[in-house]
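Residues per chain, in single letters:
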Amino acid sequence: MSDWRVRAVRASKRPFSRPVVRAVDSQPAPEHSMDPRPDQPVEPVALERSVVDAAVYRDGRRIEASTDLADIFRTLPDRPGTMAWIGLFRPAEAQLLEAADRFNLHELAVEDAIVAHQRPKLERYGDTLFVVLRAARYLDEAEEVDFGEIHLFIGPDFVLTVRHSQAPDLSAVRRRLEDDPELLALGPEAVLYAVLDAVVDGYAPVIAGLQHDIDEIETEVFSGDPQVSRRIYELSREVIEFQRATRPLLEIMRSLEAGFGKYGTDDELQRHLRDVADHATYAAERVDGFRQMLQNILAVNATLVSQRQNEEMKQLAEAGHAQNDEIKKISSWAAILFAPTLIGTVYGMNFEIMPELRWAFGYPFAIGLMALVCTGLYLIFKKRDWL
């Protein structure tokens with residue numbers, strides 16, 4: 001095994017988490033391991049089942065199809081002017097390396113296709129174009145965005161697509177091109193356009209779903225829903241992930257447009273690609289707007305939560321103030337009532353020798369002292385607004 005194959009094998013063993021993908025294909029392709037051991041032979045049936053579709057085209061029409069890549073490889077040299085379109089779904093490493101040898105694919109691009117989980121990008125390796133795209137779809141029931149990934153190798157006479165998720169469904173793209181032989185006759189670039197168009201068109205339902213979620217969140221924010229902060233955070237994460245899929249796509253479209261003259265892209269195909277670029281720009285701008293809207297909604301929600309907390313604190317403060325007034329009143333009357341009790345207690349002592357005990361004015365004096373003290377305390381508390 002060559003050095004670059006060894007590096008590709010090692011790269012495929014790097015730990016990574018595969019995203020949860022829900023089936024959308026009419027005939028879902030089976031999932032296979034991305035890291036079969038080199039010393040264990042791969043089942044021929046498994047290799048065939050990972051080939052979603054493989055066909056040879058001439059003048060936009062299918063002339064041969066096979067699930068055995070060896071048959072496709074044998075056909076191309078004998079038929080000049082033909083194009084092979086091979087679609088793989090989570091292929092075994094040995095199968096992808098076989099295709100890499102046949103089409104002379106660059107080792108770095110093959111490594112990216114094996115490892116997967118790449119950012120959208122476009123790279124040229126000689127006469128081969130390597131494109132990574134992130135597809136997206138909106139799941140109504142879960143109210144979340146599900147992302148897929150597709151790798152395309154575009155050569156002079158071949159197109160190799162490698163999918164690591166069941167979305168997008170490229171069978172619809174293939175049927176569309178086969179129904180339009182004139183477009184398919186333009187060659188591998190026509191396939192690239194159709195895949196780009198399908199991916200970008202798939203963003204429209206996602207944008208509509210996110211807009212609906214944002215509208216619901218705005219209603220929940222002003223209704224005081226306590227769970228809205230969590231929903232804003234989760235939706236913000238989805239929008240950021242969606243932004244990572246759409247923003248690099250604009251650079252991909254600019255790179256393709258810059259190579260129109262150099263690589264002799266057909267005029268009609270140029271117009272189609274510019275249309276895709278317009279739709280991609282619209283999607284990217286909407287996603288940027290969603291992110292800004294969510295930031296504003298989060299700020300408004302924080303302000304409303306702060307206002308509600310201030311209102312609650314104000315109510316607590318008012319309640320505490322009213323409670324303090326009641327305590328002052330109770331304390332004031334307790335002090336007023338305590339004064340005559342104290343005086344009566346002193347004069348109620350049973351001592352034989354005691355000042356004013358046998359005084360004729362002792363009783364009126366005690367009563368007057370009680371009234372004087374109580375009146376004085378009442379006036380003092382009244383002046384301080386305790387009563």
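Heads up: these notes are all about the structure in this document. All of these numbers come straight from a predicted model, not from anything done at the bench.

**Comments concerning the nonpolar core**
Thought 1: Ranked by size, the top nonpolar core spans 62 residues in total, and within it L133, V195, L196 and F242 carry the most contacts.
Thought 2: Considering each element in turn, this core owes the most residues, 12 residues, to helix α12 (residues 267-347).
Thought 3: Aside from chain neighbours lying at most four places away, what touches F242 is A136, F147, Y203, V206, I207, L210 and V287.
Thought 4: Ranked by size, the runner-up nonpolar core spans 27 residues in total, among them V51, A54, I72 and A84.

**Here we look at the side chain of H164**
Thought 1: Locating H164 in the fold gives a position in the loop between β7 (158-163) and α6 (170-178).
Thought 2: A distance of 2.7 Å separates a polar side-chain atom of H164 from the backbone oxygen of A113.

**Considerations on the packing of helix α8 (residues 188-201) against helix α9 (residues 203-223)**
Thought 1: In contact at an axis separation of 4 Å, α8 and α9 are set at 10° when each is read in the N-to-C sense. Of the possible angle classes, the one that applies to α8 and α9 is roughly parallel. Of the residues in α9, those in contact with V199, V200 and D201 of α8 are Y203, A204 and P205.
Thought 2: Tallied by class, residues from the contact of α8 with α9 come to 5 nonpolar, no polar and 1 charged.

**Some words on the pairing of strand β4 (residues 121-125)**
Thought 1: Of the pairings in the sheet, the one linking β4 to strand β5 (residues 128-139) comprises 5 bridges and is antiparallel in character. Residue pairing across strands places L122 opposite V131, the latter belonging to β5.

**Description of the environment of L170**
Thought 1: Residue placement: L170 occurs in helix α6.
Thought 2: Relative accessible area serves as the criterion here: at 10%, L170 is assigned to the buried category.
Thought 3: Linking L170 and A194, residues 24 residues apart in sequence, is a C-alpha distance of 9.4 Å.

**Observations concerning empty space enclosed by the protein**
Thought 1: Within this structure, the stated rule accounts for 1 cavity of 30 Å³ or more.
Thought 2: M253, L256, E257, F260, L273, R274 and A277 are the residues that line the largest cavity.
Thought 3: Broken down by secondary-structure element, the contributors of at least two residues to the lining of the largest cavity are α10 (228-258) and α12.
Thought 4: Looking at the lining of the largest cavity, its residues break down into 5 nonpolar, no polar and 2 charged.

**Quick look at the pattern of salt bridges**
Thought 1: Taken as a whole and judged by the stated rule, the model has 17 salt bridges.
Thought 2: Note that K121 is salt-bridged to E123, the shortest N-O span being 3.6 Å.
Thought 3: The partly exposed category is assigned to E123, whose relative accessible area is 24%.
Thought 4: E251 serves as the salt-bridge partner of R254, at 3.1 Å between the closest nitrogen and oxygen. Here the residue R254 and the residue E251 both occupy positions in helix α10, the gap between them amounting to 3 residues, near one helical turn.

**Some words on the side chain of E149**
Thought 1: Its location among the elements puts E149 in strand β6 (residues 144-154).
Thought 2: One buried charged residue, E149, forms no salt bridge at all, with the nearest opposite charge on R134 at 4.9 Å.
Thought 3: A distance of 3.0 Å separates the side chain of E149 from the backbone nitrogen of H117, its partner in a polar contact.
Thought 4: Within the structure, E149 has its side chain in polar contact with the backbone nitrogen of Q118 (distance 2.9 Å).
Thought 5: Leave out the neighbours within four places in its chain, and E149 touches A116, H117, Q118, V132, L133, R134, V162, R163, H164, S165 and A167.

**What about the packing of α6 against α8?**
Thought 1: Interhelical geometry of α6 versus α8 gives an angle of 130° and a closest axis separation of 10 Å. By the criterion of interaxial angle, the relationship of α6 to α8 is oblique. Relative to α8, the crossing made by α6 is right-handed. Contacts between α6 and α8 involve L170, V173, R176 and L177 from the first element and A190, V191, Y193, A194, V195, D197 and A198 from the second.

**Some remarks on the sheet that holds β7**
Thought 1: Overall, mixed pairing links the 7 strands, which are arranged β2-β1-β3-β7-β6-β5-β4 in an open sheet. What marks the edges here is a single partner per strand, and that holds for β2 (61-65) and β4. For this sheet the average axis-to-axis angle between neighbouring strands, irrespective of direction, equals 20°.
Thought 2: Here 5 bridges tie β6 to β7, and the two strands are oriented antiparallel to one another. Within the sheet, the bridge partner assigned to I150 lies in β7 and is R163.
Thought 3: Packed on one face of the sheet, α8 meets β3 (82-89), β5, β6 and β7 and runs near 25° to β5.
Thought 4: Running over the sheet, α10 touches β4, β5 and β6 and is turned about 145° from β5.

What counts and what doesn't
- Residues numbered from 1 in each chain as written.
- Predicted model: local features only at pLDDT ≥ 70, side-chain atom pairs only at ≥ 80, totals over all residues.
- Heavy atoms only, no water.
- Core = buried A, V, L, I, M, F, W, Y, C linked by side-chain atoms within 4.5 Å.
- Buried < 20%, exposed > 50% of the residue type's maximum accessible area, 1.4 Å probe, protein only.
- Helix = DSSP H or I, 4+ residues; strand = E, 2+ residues; numbered from the N terminus.
- Contact = heavy atoms within 4.5 Å.
- Polar contact = N/O pair within 3.5 Å; in protein donor to acceptor, adjacent residues only side chain to side chain.
- Axes fitted to C-alpha atoms, helices over the stretch in contact; angles between N-to-C directions.
- Parallel < 35°, antiparallel > 145°, perpendicular 65-115°, else oblique.
- Nonpolar A, V, L, I, M, F, W, Y, C, P; charged D, E, K, R; others polar.
- Pairing = 2+ DSSP bridges.
- 1 Å grid on protein atoms, 1.4 Å probe; cavity = no way out; pocket = protein on both sides within 12 Å on 5 of 7 lines; lining within 4 Å.
- Points joined across faces, edges and corners; volume = space filled by probe spheres on them.
- Salt bridge = Lys/Arg side-chain N within 4 Å of Asp/Glu carboxyl O.
- Lys, Arg positive; Asp, Glu negative; His and termini not counted.
- Left-handed = near helix turned anticlockwise from the far one by under 90°.

By themselves, these are just geometric observations and shouldn't be taken as functional.
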